[in-house]
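In case you want the letters, here they are:
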Amino acid sequence: MTEQAIHTLVERQRAYFRAGATLDVDRRLAALSSLKACVQRHEDEIALSLGRDLGKSGFEGYMCETGLVLEELSYMQRHVRAFAKEQAVRTPLAQFHSRSYRKPSPAGAALIMSPWNYPFLLTMGPLVDALAAGCTAVVKPSAYSPHTSALMARMIGECFPAEYVAAVTGGRAENTSLLGETFDTIFFTGSQAVGREVMRRAAEHLTPVTLELGGKSPCIVEKTANLKLSARRIVFGKYLNCGQTCVAPDYILCHQAVKDDLLVYMKKEIVRQFGEEPLDNPNYGKIVNEKHFNRLLGLMDSGETVHGGSVRRETLQIEPTVLDGVGPEDPVMGEEIFGPLLPVLTFRELEEVIAFVNARPHPLALYLFTGSKSSVREVTTRCGFGGGCVNDTIIHLATSHMGFGGFRESGIGAYHGKAGFDAFSHYKSIVDKKTWLDLPMRYQPYNKLNEKLIRFFLK
């Protein structure tokens, strides 16, 4: 799409919003129903597209993408009326007689920019929240997942007029043109590097942003942990989508007394979940493109490969791989891995772990495997991170009842459920003052009596 065509599209959406076309809650519910029916109608095509882009099986595609979008749609259908209502708040005595309330209002014209690793979920999920909040939306899916992006563009065209919701496909030129436009809010999911550019461009228009980024999410395994179950859940969370998950465990910090036992269990779990030959497993996916494949190969020299390590260049596949003997300065610890490589480091005392995590950029997720309530309290209180799990991985994002988002380097803002509605809304604080009474104490000329009254009310 040309720069002029993008400008025209954005202006049409702004005009559509300003005309009040999206404000009515029934209109929002109709949009949600239309999108839900479209997703259900295209389930098979969605699965096929995800398979072509990322090698995802139909089961994984539904579990991690389509099903979660349908869940968010159902949640918003049940709750959007309540979310959209004015919220009465207490009025200070000094404002007698008045009614105070917060009025949720849609932000306006929204830009949603999504990544390639969960292309359907991370595009349609934010769109559901934008529709529930009453926004118009321009959706920009990733060029690295072309089949899913093309399908979503077609689905959006089936459901909505372009002045309400539109998809813009393409690459860097389209991204640049979109970021040059004036939106009322921008929702971006992707890398920290691109997130900085999005925030910089948004600042030129003073546009608020929600950034869902990533980082090196630690997985802490204490000696009190159930090692067998820990290994099963770590292997699931790490190698899901071939490790191309923003909240995947990026590295393990394991107590040195149980590291060898944990490695034994992890090797067994990898075989149990993916088979003796994972690269021949039809349910095991692939790296998105050759660029990322080569980047991951460059990280595999860190430490010692104690499991996996085989690759298949023609299919862009890398086995689930475990690296032992890794140090903090090794290349694999220098960037977010975003692939099926799992380095293992050790510690002796929990205090070392807390210091190690806090000395690095705040991760999007943190996972703690332990049987100690005091360790849970210490880690979750003292470490900075977006969200996480105790004795599991990944599942904290699979709910509409909690917000999901990062902290500092791993993101700004949150979404899912009510948090998603809020991300695309502005809350107007309003005082409705009655006219039958007017307390004179605030007006000039000031005097001692008025001062006493002010001090009485404002203390």
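Just above sits the structure.
Residues numbered from 1 in each chain as written. Predicted model: local features only at pLDDT ≥ 70, side-chain atom pairs only at ≥ 80, totals over all residues. Heavy atoms only, no water.

Colleague: So what exactly am I meant to see when it comes to the overall build of the protein here?
Modeller: Tallying secondary structure elements over the protein gives 15 helices and 20 strands in all. Taken over the C-alpha atoms alone, the protein extends approximately 80 × 55 × 35 Å along its principal axes. Residue pairs at least 24 apart in sequence account for 72% of intrachain contacts in the protein once pairs closer than 6 positions are excluded. Per element, the accessible surface of the protein, about 20,500 Å² overall, is 54% carbon and sulfur. (Helix = DSSP H or I, 4+ residues; strand = E, 2+ residues; numbered from the N terminus. Contact = heavy atoms within 4.5 Å. Areas by Shrake-Rupley, 256 points an atom, 1.4 Å probe, with all protein chains shown as cover.)

Colleague: Sorry, what's going on with helix α1 (residues 3-18) here?
Modeller: For an α-helix, the turn length of 3.6 residues means that residues three or four places apart are oriented alike. Over its 16 residues, α1 extends 23 Å from the first C-alpha to the last, a length consistent with the 22 Å expected when each residue adds 1.5 Å. The set of residues buried in α1 consists of I6, L9, V10, Q13, R14, Y16 and F17. With its buried residues spanning 160° around the axis, α1 presents them on a single face. When the buried face of α1 is taken as reference, the exposed residues oriented beyond 90 degrees from it are Q4 and R18. Packing partners of the buried residues in α1 comprise α2 (25-41), β2 (98-106), β3 (109-113), β4 (136-140), β5 (165-167) and α7 (172-179). Immediately downstream of α1, the backbone of G20 shows phi near 85°, a positive value. (Expected span 1.5 Å × (residues − 1). Buried < 20%, exposed > 50% of the residue type's maximum accessible area, 1.4 Å probe, protein only. Arc of directions from axis to C-beta.)

Colleague: How should the pairing of strand β8 (residues 218-221) be read in this particular structure?
Modeller: On a regular strand, one side chain projects to one face of the sheet and the next to the other, so that they alternate. Side chains P218 and I220 of β8 all project onto a buried face; the interleaved residues C219 and V221 project onto the opposite face, where all are buried too. Bridge count for β8 against strand β9 (residues 251-255) is 4 bridges, and the pairing is parallel. Among the inter-strand pairings, I220 is bridged to a residue of β9, identified as L253. Taken together, β8, helix α9 (residues 227-239) and β9 constitute a β-α-β crossover, and its handedness is right-handed. Across 3 bridges, β8 lies against strand β15 (residues 365-369) in parallel orientation. In the sheet register, V221 faces β15, and the bridge partner there is F369. (Pairing = 2+ DSSP bridges. Right-handed = clockwise from strand over helix to strand, strands pointing away.)

Colleague: Help me understand the nonpolar core, please; the structure alone is not making it clear to me.
Modeller: Side chains of a nonpolar character, in soluble globular proteins, are inclined to be buried together. If you look at the biggest cluster of nonpolar residues, it comprises 115 residues, and the most contacted ones within it are L35, L127 and I252. Top contributing element to this core by residue count: helix α4 (residues 58-84), with 10 residues. In this structure, L127 is in contact with L35, I112, A137, V139, I156 and V165, ignoring residues within four places of it in sequence. Formed by 19 residues, the second largest nonpolar core is a distinct cluster that contains V10, A109, V138 and V168. (Core = buried A, V, L, I, M, F, W, Y, C linked by side-chain atoms within 4.5 Å.)

Colleague: Which parts of the structure should I look at to understand the packing of aromatic side chains?
Modeller: Aromatic ring pairs are described here by two measures, namely the spacing of the ring centres and the angle between the planes. Counted by the stated rule, this structure contains 13 aromatic pairs. Between the aromatic rings of F404 and Y415, the centroid separation amounts to 6.3 Å while the plane-to-plane angle is 65°, which identifies the pairing as edge-to-face. Residue F404 is located in strand β17 (residues 404-405), and its partner Y415 is located in strand β19 (residues 414-415); the two are separated by 11 residues in the primary sequence. We note that F404, like Y415, is buried. One aromatic cluster is present, formed by F187, F404, Y415 and F424 through successive ring pairs. Looking at R360, its charged tip hangs above the ring of F356, at a distance of 3.5 Å from the centre. Positioned over the ring face of F83 is K418, at 5.8 Å from the centre of the ring. (Phe/Tyr/Trp six-rings, centres within 6.5 Å; stacked < 30°, edge-to-face > 60°. Lys NZ or Arg CZ within 6 Å of the ring centre and 35° of its normal.)

Colleague: Is there a simple way to explain unusual backbone geometry in this structure?
Modeller: Across residues other than glycine, the phi torsion is negative in most instances, and most of the peptide bonds are trans. Residue H97 follows F96 across a cis peptide bond; omega there is 0°. By the secondary structure assignment, H97 is in the loop between β1 (87-89) and β2. In this chain, Q444 is followed by P445 through a cis amide linkage whose omega measures 5°. Mapped onto the fold, P445 is located in the loop between β20 (425-433) and α15 (448-457). Of note in this structure, L206 is not a glycine but carries a positive phi near 55°. You can see L206 is positioned in the loop between α8 (192-204) and β7 (209-212). Residue R408 is not a glycine yet carries a positive backbone phi of 55°. Position of R408 relative to the elements: it lies in the loop between β17 and β18 (411-412).

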